[in-house]
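Report on the structure
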Amino acid sequence: MASLSHLHCLKPDSMQHGLVCKIKCFKQKRFHLADVKFLWALRTPKQHYIHWKDRPFFPRLAKYRNSGSILAMVWEGPNAMKTGRVILGETNPVDSKPRAICGNFCIQVGWCIIHGNGSVKGAEKEIKLRCKPKEPADYRSCAFNWAYE
Ligand code: IDP
């Protein structure tokens, strides 16, 4: 299912607020957790957010993304990217519906607790960056056939 993968990252503020349990939203939707990594920050935030380099919030963004541990996850399943973005909500919590993660658990765009790729290509690139060649591991839960037609 690798081509249907989506990478999510709980940012440092999620970890501080104890929001790791919110990953259950993806599991409840029946997505498959193919990989999970607890990492110290984003090693290259300036490179990662190069598209924002001319914006005034760029220095604060780089500092924020390098300020603590993060949890990087690869979720797989049909439409994982599109549906994953719906579960996340809009990047700016002001625009995010209350039942989405960003709508429910954060208040300002600069501290928006969770990252998700906006395109399949972006997801592929980021998964390559975060995972070694034989990762994510190829395993299936015994509930797989109860989730997918
Ligand atoms: P994403 O992480 O949801 O894909 P992007 O649009 O790539 O969102 O933005 C990356 C990060 O940049 C956001 O998560 C947010 O922390 C920060 N950001 C984006 N727009 C603003 C802004 O207008 N002010 C402050 N921070 C922003």
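Residues numbered from 1 in each chain as written. Predicted model: local features only at pLDDT ≥ 70, side-chain atom pairs only at ≥ 80, totals over all residues.

Rule in force here: UniProt positions are given in the numbering used here, feature names are shortened, and annotations may be inferred rather than shown by experiment.
The protein carries the name nucleoside-diphosphate kinase in an unreviewed UniProt entry, which gives Saguinus oedipus as its organism. Under the heading Cofactor (unreviewed entry), UniProt records this for the protein: "Mg(2+)".

Comments concerning the overall build of the protein
The condition that has to hold: In this text, helices come from DSSP runs of H or I with a minimum length of four residues, and strands from runs of E with a minimum of two, each type numbered from the N-terminal end. Our radius of gyration looks at C-alpha atoms and nothing else; its globule reference is 2.2 Å times the residue count to the power 0.38. Three exposure classes are used, all based on how many other C-beta atoms lie within 10 Å of a residue's own C-beta (placed from the backbone): buried at 20 or more, exposed at 12 or fewer, and partly exposed between those limits.
When its secondary structure is counted, the protein shows 8 helices and 4 strands. Ordering the α and β elements of the protein from the N terminus gives β-α-α-β-α-α-β-α-α-β-α-α. Its C-alpha atoms give the protein a radius of gyration of 15 Å, near enough to 15 Å, the size a compact globule of 149 residues would have. Projected onto its principal axes, the C-alpha coordinates of the protein cover approximately 50 × 35 × 25 Å. Classification of the 149 residues of the protein by burial places 29% in the buried group.

Some details on the nonpolar core
For clarity, the cut-off: Nonpolar cores are built from buried Ala, Val, Leu, Ile, Met, Phe, Trp, Tyr and Cys residues. These are joined into a set through C-beta atoms within 7 Å. Whether two residues are in contact is decided by their C-beta atoms, placed from the backbone, lying within 7 Å.
Counting 25 residues, the largest nonpolar core has Cys102, Ile113 and Ile114 as the members making the most contacts within it. Within the residue set of this core, elements represented by two or more residues are β1 (5–10), β3 (69–76), α5 (80–88), α6 (101–105) and α7 (120–130). For this core, the element with the most residues is β3, which contributes 5 residues. The residues contacting isoleucine 114, other than those within four sequence positions of it, are His8, Cys9, Leu10, Lys11, Ser14, Leu88, Ile101 and Cys102.

As for unusual backbone geometry
At arginine 30, a position not held by glycine, the phi torsion is positive, near 85 degrees. If you check the backbone angles, asparagine 79 has positive phi at about 55 degrees while not being a glycine. Mapping asparagine 79 onto the fold places it in the loop between β3 and α5.

Here's the deal with the UniProt feature "domain: Nucleoside diphosphate kinase-like" (unreviewed entry) in the protein
This chain's UniProt record puts "domain: Nucleoside diphosphate kinase-like" (unreviewed entry) on residues 7–138. Annotated as residues 7–138, this span is 36% helix and 18% strand, and its ends, taken at the C-alpha atoms, are 16 Å apart.

Structural notes on the pairing of β1
Rules: We call two strands paired when DSSP finds no fewer than two bridges between them.
With 6 of 6 residues buried, β1 is to be regarded as a mostly interior element. Side chains Ser5, Leu7 and Cys9 of β1 all project onto a buried face; the interleaved residues His6, His8 and Leu10 project onto the opposite face, where all are buried too. Sheet topology places β1 next to β3; 6 bridges connect them, and they run antiparallel. Each bridged residue has a counterpart across the sheet, and for cysteine 9 the counterpart in β3 is alanine 72. As paired elements, β1 and strand β4 (residues 114–116) share 3 bridges and run antiparallel to each other. Each residue of the ladder has a partner; that of leucine 10, found in β4, is isoleucine 114.

Here we look at the site of the ligand
In plain terms, the rule: To decide nearness, the C-beta atom of each residue is placed from the backbone, and the residue is near a molecule or strand if that atom lies within 6 Å of it. Just so you know the grouping, Ala, Val, Leu, Ile, Met, Phe, Trp, Tyr, Cys and Pro go in nonpolar, Asp, Glu, Lys and Arg go in charged, and all remaining residues, Gly too, go in polar.
Lining the immediate surroundings of the ligand are Trp52, Phe57, Leu61, Thr91, Val109, Gly110, Cys112, His115, Gly116 and Gly118. In terms of residue class, the shell around the ligand is built from 5 nonpolar, 5 polar and no charged.

Things to note about the sheet that holds β1
Just so we agree on the cut-off: Lines fitted to the C-alpha atoms define the axes, with helices restricted to the stretch that makes contact. Angles between their N-to-C directions range from 0 to 180 degrees.
With respect to topology, 4 strands assemble into an open sheet ordered β2-β3-β1-β4, the strand pairing being antiparallel. The outermost strands of the open sheet, each flanked by one partner alone, are β2 (32–40) and β4. Put simply, the sheet's adjacent strands are angled 20 degrees from each other on average, direction ignored. With 8 bridges connecting them, β2 and β3 associate as antiparallel partners.

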